[in-house]
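Read off the chains here:
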Amino acid sequence: MPVLLLAAPARAADPVQRVEVRLTVEGGEPHPLVVQRILQSIESAAGRLLLGRDSDLVAREAGALAGVLREVTDRVVTGYRVAALGFEAGATTVVAARLVPLDPVLRRVPVVVAVTAVHADAEPLVRAALEPALPELARLAANLPVGALEWAGPLLEGQIAGLVERAVPGFTGTGRVEAAPAPRVAVTVGPRDSRIVRGVGVRFRSTSIPYILLDPYAPQIAAMAEPVRGLPVAFAAARRAELEALIAARLAAYEPVRQYAVVARPTLQVAEATFVLVQADSTLYRGRVEARLNFGSQAPPADVRAQVGRAFGSLEPYVQLTLTPSTLGLQWAVGARFDVGTHLALGASISMDAGAVESFVIYRLSPDLAVRGTYNPARDALEGALTYRLNEFLSWEAVGTSRGLVWLRLVSNL
């Protein structure tokens, strides 16, 4: 009986479903973005060539297919030469490629920065803020062949803005990777935000110099703060301490400040309309001029007080003149004040007209809030006041005495 033998059909090999590229770049890898773009280019070309093909067929024709892929890669990835390329065929086919950069190759490339639209004296602050980003900016062009600049340059230059913006608040950057006339990364930094400092004003605060003597110097101090103008508000706020130090150094060198031994401490209130708040006090001479307006049925008449003193460390002897406009009366007094630290002051004065002695104590709870107590033995009266400073010119006082008198007082610092 004849026997029919049927041969089993040969098992078809798996088709290539996925391509994986393993890349080696000789002489040091370029920026990761460049490596990623090379990988994408080789993977795209290999996918069009291999996906869907029988993996056994790919293995048998590996030499020819590798030659085609090599030719495509040399044409697409300019600036590099394919030194070796091979396949590990399978459902996931691995393409191993080794590339060599073509001379000339950019190695350690300097970063040249130009800062625009800011004052020359503020430019060092911008450059200092950018300093941490310089290594990454230089890394953009490291190990990149000049022949690859045509396709890699725009890719790398797109990273400059982000690097600058992360390092320098309120600023952005543009730039190019250049091979000639000399290799460099040229970066231009300028304000990004529309919120920039458009104006600079000056406000004074002082416990020892009348405002009528300080106000004439406001234009000169505004000129000292000119480097702040044009800076993004975000940058000026972030670098406020450095900007205040810049203005403080200019104030310290200002002739009237040196001549009258004034300690001037600037504080920036940063906004589009920025103010320089200057706390100015003389270490030698003290002067105060106040106009006091009292409100209440039991309140004393309004008066104007002018006081001039000379500081000897924490001790300040002074002369005081009080003018009462309603009666045109003038009263003279001499006294002394002693500062115990920065919050507490003790003192006493004697009227040259009546011979009455008055002692006082002042305790400052905050820069704008203070408590004052005054005792006059001749009247056997204790007067207390709570003072709240509204601004550098005006203060409100709630006043009460041991005899039951209560009133409000508006004090204008002149």
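Predicted, not measured: the structure shown is a model, and the values here were computed from it.

1. A few points about the sheet that holds strand 5 (residues 111–115)
In space, the 3 strands of this open sheet follow the order 5-8-7, with mixed pairing throughout. Lying at the two open borders of the sheet, with one neighbouring strand each, are strand 5 and strand 7 (171–178). Going from strand to strand, the sheet's axes swing by 20° on average, the running direction of each strand aside. Here 5 bridges tie strand 5 to strand 8 (residues 184–191), and the two strands are oriented parallel to one another. Residue valine 113 lies in a different strand from strand 8, and its bridge partner there is valine 187.

2. What about the packing of aromatic side chains?
All chains considered together, the criterion is met by 4 aromatic pairs. Taking NZ or CZ as reference, arginine 203 lies 3.8 Å from the ring centre of phenylalanine 275, over its face. Lying across the ring of tyrosine 285, arginine 310 places its NZ or CZ 5.5 Å from the centre.

3. Details of the confidence of the model for the protein
Within the protein, residue pLDDT values average 90, and 97% of them lie at 70 or more. Confidence drops under a pLDDT of 50 for residues 1–12, and excluding neighbours within four residues, the segment shows 0 contacts in the predicted structure.

4. Quick look at the pattern of salt bridges
With the rule as written, the count across this model stands at 20 salt bridges. Its salt-bridge partner being arginine 205, residue aspartate 368 comes within 2.9 Å of it at the nearest N-O pair. With aspartate 368 in the loop between strand 17 (357–366) and strand 18 (369–376) and arginine 205 in strand 9 (residues 199–205), this pair connects stretches of sequence that are 163 residues apart. Judged by its relative accessible area of 26%, aspartate 368 falls in the partly exposed class.

5. Remarks on the pairing of strand 13 (residues 303–310)
Relative to strand 13, strand 12 (residues 285–295) runs antiparallel, the two sharing 8 bridges. Following the sheet pairing, arginine 292 is matched in strand 13 by aspartate 303. Examined bridge by bridge, strand 13 and strand 14 (residues 315–324) share 6 bridges and lie antiparallel to one another. Bridge pairing links valine 308 to valine 319 in strand 14. Hairpin geometry of strand 13 and strand 14 is characterised by an intervening segment of 4 residues between the two adjacent antiparallel strands and by a positive phi of about 70° at glycine 313.

6. Things to note about the layout of surface pockets
Of the voids in this model, the second largest pocket is the one considered here, and its volume is about 640 Å³. Residue lining of the second largest pocket: 24 residues in total, with Thr207, Gln279, Asp281, Thr342 and Arg364 positioned closest to the centre. Looking at the lining of the second largest pocket, the elements with two or more residues in it are strand 10 (262–269), strand 11 (273–282), strand 12, strand 15 (329–340), strand 16 (344–351) and strand 17. Here the residues of the lining of the second largest pocket sort into 5 nonpolar, 10 polar and 9 charged.

7. Comments concerning unusual backbone geometry
The omega angle of the peptide bond from aspartate 103 to proline 104 is 0°, so this bond is cis rather than trans. Structurally, the position occupied by proline 104 is in the loop between strand 3 (92–101) and strand 4 (105–106). With phi around 65°, alanine 117 is a residue other than glycine that occupies positive phi space. By the element assignment, alanine 117 lies in the loop between strand 5 and helix 4 (123–130).

8. Quick look at the side chain of aspartate 339
Within the secondary structure layout, aspartate 339 lies in strand 15. Every residue in contact with aspartate 339, bar those within four places of it in the chain, is listed here: Arg286, Ser314, Leu344 and Ala345.

9. Observations regarding a nonpolar patch on the surface
Judged by side-chain polarity, Val319, Leu323, Leu328, Leu330, Trp332, Val334, Ile350, Met352 and Val357 come together as a nonpolar surface patch covering roughly 800 Å² of accessible area. Elements that contribute at least two residues to the nonpolar patch include exactly strand 14 and strand 15. The element best represented in the nonpolar patch is strand 15, accounting for 3 residues. Among the structural elements, isoleucine 350 can be located in strand 16.

10. Focus: helix 4
For helix 4, the full list of buried residues reads Leu125, Val126, Ala129 and Leu130. Taken around the axis of helix 4, the buried residues stretch over an arc of 135°, which confines them to a single face.

11. Looking at the side chain of glutamate 397
Tracing the sequence through the fold places glutamate 397 in strand 20 (residues 394–401). Exposure remark for glutamate 397: the relative accessible area of 7% places this residue in the buried category. Within the structure, the side chain of glutamate 397 is placed 3.2 Å from the side chain of threonine 387, a separation counted as a polar contact. The contact partners of glutamate 397, leaving out residues within four places of it in the chain, are Arg372, Ala385, Leu386, Thr387, Trp407, Leu408, Arg409 and Val411.

12. What to know about the packing of helix 1 (residues 32–50) against helix 6 (residues 149–157)
At a closest axis distance of 10 Å, the pairing of helix 1 and helix 6 adopts a crossing angle of 130°. Taken together, helix 1 and helix 6 sit at an angle that is classed as oblique. For helix 1 against helix 6, the interelement crossing comes out right-handed. From helix 1, Leu33, Val34, Arg37 and Ile38 reach across to helix 6, where they touch Trp151, Ala152, Leu155 and Leu156. The residue inventory of the contact of helix 1 with helix 6, partitioned by class, reads 7 nonpolar, no polar and 1 charged.

13. Comments concerning the nonpolar core
If you look at the biggest cluster of nonpolar residues, it comprises 84 residues, and the most contacted ones within it are Ile38, Leu50, Tyr80, Phe87, Val95, Leu99 and Val278. Excluding residues that lie within four positions of it along the chain, valine 278 makes contacts with Val202, Arg203, Phe204, Arg205, Ile221, Leu251, Ala264, Arg265 and Pro266.

14. A short note on helix 1
Between its first and last C-alpha, helix 1 extends 26 Å over 19 residues, near the 27 Å set by a 1.5 Å rise per residue. Where helix 1 is concerned, the buried positions are Val34, Val35, Ile38, Ile42, Ala45, Ala46, Gly47, Leu49 and Leu50. One or two steps after helix 1, the chain reaches glycine 52, where phi turns positive at roughly 90°.

Rules used in this analysis
- Residues numbered from 1 in each chain as written.
- Predicted model: local features only at pLDDT ≥ 70, side-chain atom pairs only at ≥ 80, totals over all residues.
- Heavy atoms only, no water.
- Pairing = 2+ DSSP bridges.
- Helix = DSSP H or I, 4+ residues; strand = E, 2+ residues; numbered from the N terminus.
- Axes fitted to C-alpha atoms, helices over the stretch in contact; angles between N-to-C directions.
- Phe/Tyr/Trp six-rings, centres within 6.5 Å; stacked < 30°, edge-to-face > 60°.
- Lys NZ or Arg CZ within 6 Å of the ring centre and 35° of its normal.
- pLDDT = per-residue confidence, 0-100.
- Contact = heavy atoms within 4.5 Å.
- Salt bridge = Lys/Arg side-chain N within 4 Å of Asp/Glu carboxyl O.
- Buried < 20%, exposed > 50% of the residue type's maximum accessible area, 1.4 Å probe, protein only.
- 1 Å grid on protein atoms, 1.4 Å probe; cavity = no way out; pocket = protein on both sides within 12 Å on 5 of 7 lines; lining within 4 Å.
- Points joined across faces, edges and corners; volume = space filled by probe spheres on them.
- Nonpolar A, V, L, I, M, F, W, Y, C, P; charged D, E, K, R; others polar.
- Patch = residues over 30% accessible without salt bridge, like charges linked within 9 Å, V, L, I, M, F, W, Y side chains within 5 Å.
- Areas by Shrake-Rupley, 256 points an atom, 1.4 Å probe, with all protein chains shown as cover.
- Arc of directions from axis to C-beta.
- Polar contact = N/O pair within 3.5 Å; in protein donor to acceptor, adjacent residues only side chain to side chain.
- Parallel < 35°, antiparallel > 145°, perpendicular 65-115°, else oblique.
- Left-handed = near helix turned anticlockwise from the far one by under 90°.
- Core = buried A, V, L, I, M, F, W, Y, C linked by side-chain atoms within 4.5 Å.
- Expected span 1.5 Å × (residues − 1).

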